[in-house]
Amino acid sequence: MGTFYLQNFGCRATQADGAALERQMLERGLARAAAPQDAGVVVLNTCTVTESADRDVRAAIRRIHRENPQCRILVTGCYAQRAPQELAALPGVRWVVGNSHKHQVAEVLAPSAGSFVPVGALSASSDHPITGTLDSQILVGDIFAFAHTELLAAPVFAAETASEKTRPNLKVQDGCDNRCSFCIIPAVRGQSRSLARAEALREVRALVAAGYREVVLSGINLGRWGRDFPKPERFEDLVRAVLEETGLERLRLSSVEPMDWTEELIDLVANEPRIAKHAHLPLQSGLDHILRAMHRKYRPWHYRERVEKIRRAMPLAAIGADVMVGFPGETDALFEESRAFIASLPFTYLHVFTYSSRPGTPSAAMSGQVPVQVARERNRILRELAAEKNRAFRESLVGRRLDAITLDRGDGESTEALTDNYLKMRLLGSHKANRWALVRVTGVSADGLTACIDRPAEKAYRRERGGNAEAAERRAGAVPVL
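First, a word on what this report is: a plain description of the structure on this page. (Residues numbered from 1 in each chain as written. Predicted model: local features only at pLDDT ≥ 70, side-chain atom pairs only at ≥ 80, totals over all residues. Heavy atoms only, no water.)

Of all the positions in helix H9 (residues 263-271), only Leu 265, Ile 266, Leu 268, Val 269 and Ala 270 are classed as buried. Contacts from the buried residues of H9 go to helix H8 (235-245), strand E13 (250-253) and helix H11 (300-313). (Buried < 20%, exposed > 50% of the residue type's maximum accessible area, 1.4 Å probe, protein only. Helix = DSSP H or I, 4+ residues; strand = E, 2+ residues; numbered from the N terminus. Contact = heavy atoms within 4.5 Å.)

What follows is the structure in structure tokens.
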């Protein structure tokens with residue numbers, strides 16, 4: 001029997017692809033190895049959003065080949081789609097399979113007579129012939145010709161054991177029809193495409209039946225879900241369907257573009273108790289000039305309007321953003337203007353990125369490229385601003401009651417948990433994973449909150465949640481707090 005080890009790089013979408021690949025390889029009889037050193041084949045599922053991501057992949061290939069020279073390496077994902085020849089030239093790389101053919105990775109590696117099938121044996125690749133580079137074989141086609149191939153979708157699970165199930169991510173959308181000038185993703189993932197509603201609901205129901213209580217919906221451009229169907233649907237339609245047609249106790253939404261936060265979606269998240277009070281809206285820059293150069297589809301005043309509406313509707317919600325520094329043309333004065341705009345908004349956290357020039361993107365040829373050291377200093381400034389905002393938000397919650405889900409079993413003294421509004425928490429006492437609790441915040445820690453079970457209110461809280469939560473608890477074998 002062949003053995004494999006899978007390593008994912010990058011975003012939730014890449015991790016979701018990796019989960020689907022792993023499911024397919026296991027179904028085809030391959031056995032999971034505990035470490036790259038123990039594997040006959042190592043599958044690297046790559047990211048290429050920045051040069052740093054590319055370097056991480058190349059370093060991993062060299063390390064794996066050095067430590068296990070007999071294993072064969074298959075590289076797939078976004079970097080494989082963008083630069084297959086570059087990867088094929090690295091020692092130890094046997095196959096490079098782009099996103100265009102990622103759904104065939106398990107077929108490439110399917111055991112036959114105790115060995116792995118060579119890529120050339122695949123009839124499905126006949127329209128896109130394989131080219132040889134050194135000892136490698138490349139299976140990469142035009143991503144836009146494969147825009148409606150099978151959408152790889154399988155839940156991605158947080159760190160857990162078989163008895164400690166917490167928060168899986170379910171990818172329901174892939175690709176992007178936007179053309180941001182800095183972004184390579186459309187070129188390596190193709191057009192926006194959506195997981196069929198029935199399939200998404202089937203996955204959610206399976207997770208509920210397995211004892212999971214919170215599921216995170218994710219995608220490359222999540223708010224565009226359903227727009228590619230012959231009869232277009234809206235993202236709000238999927239959210240309502242999950243609430244109405246499954247027994248899921250808590251739904252969390254990952255990143256949704258600013259203009260896809262419609263009035264209806266804001267109302268739905270604010271007023272539906274089964275949706276986590278958490279909104280992530282990519283910003284990138286607080287400057288109209290830079291947003292236009294980025295080819296973003298909103299202006300700063302549009303963005304402010306959305307964020308302030310969300311804050312009014314959900315006073316305690318987590319509100320986060322992606323922010324980029326060092327985009328071409330960003331002078332010191334413009335950066336300060338953007339920083340002031342960000343400081344004026346009620347963010348509770350930020351994901352700060354340093355611009356990375358990607359070959360083939362319009363921004364790579366723009367004038368006014370910002371020196372790396374300058375961009376890194378701006379990154380530091382915004383991360384400090386984000387830390388200040390996050391700490392102020394956490395301090396404002398001391399003494400309040402919050403809804404939280406436990407993430408691990410606990411160490412005897414405290415248990416890791418995540419609040420409804422997306423804050424890490426250490427909960428006093430040892431509790432089983434994957435159970436709800438009404439907690440009272442007692443203080444702030446270095447990066448989260450401390451809390452204890454709010455015992456006087458806990459029984460009423462459980463009654464409010466209803467039998468659905470208690471039935472799920474019995475299925476999962478959770479131990480009541482009281």
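Attention now goes to the pairing of strand E4 (residues 72-77). Counting buried residues in E4 gives 5 out of 6 residues, a clear majority hidden from the surface. In the sheet, strand E3 (residues 41-46) pairs with E4 via 6 bridges, with the strands oriented parallel. Looking at E4, one finds that Asn 45 is bridged to Thr 76. Handedness of the crossover joining E3 and E4 through helix H2 (residues 51-67): right-handed. (Pairing = 2+ DSSP bridges. Right-handed = clockwise from strand over helix to strand, strands pointing away.)

The next subject is the sheet that holds strand E20 (residues 436-444). Taken together, the 5 strands give a closed barrel; going around it, the order is E17-E18-E19-E21-E20, and neighbouring strands pair in mixed fashion. Taken over all neighbouring pairs, the strand axes of this sheet differ in orientation by 50° on average, direction set aside. Of the strand pairs in this sheet, strand E17 (residues 401-406) and strand E18 (residues 414-419) are connected by 3 bridges, and their pairing is antiparallel. Bridging across to E18, Thr 406 finds its partner in Ala 417. (Axes fitted to C-alpha atoms, helices over the stretch in contact; angles between N-to-C directions.)

The next subject is the packing of H9 against H11. Put simply, H9 and H11 touch, their axes get as near as 10 Å, and they point 25° apart. Our classification of the angle between H9 and H11 gives roughly parallel. As H9 packs across H11, the resulting crossing turns out to be right-handed. Contact residues: Glu 263, Ile 266 and Ala 270 in H9; Arg 306, Lys 309, Ile 310 and Ala 313 in H11. In terms of residue class, the contact of H9 with H11 is built from 4 nonpolar, no polar and 3 charged. (Parallel < 35°, antiparallel > 145°, perpendicular 65-115°, else oblique. Left-handed = near helix turned anticlockwise from the far one by under 90°. Nonpolar A, V, L, I, M, F, W, Y, C, P; charged D, E, K, R; others polar.)

Glancing now at unusual backbone geometry. In the Ramachandran plot, Tyr 422 falls in the positive-phi region, its phi being about 70° despite a non-glycine side chain. A residue is classified by how much of its surface remains accessible, and Tyr 422, at 26% relative accessible area, is partly exposed. Non-glycine residue Asn 434 carries a positive phi angle of around 65°. Along the polypeptide, Asn 434 turns up in the loop between strand E19 (424-428) and E20.

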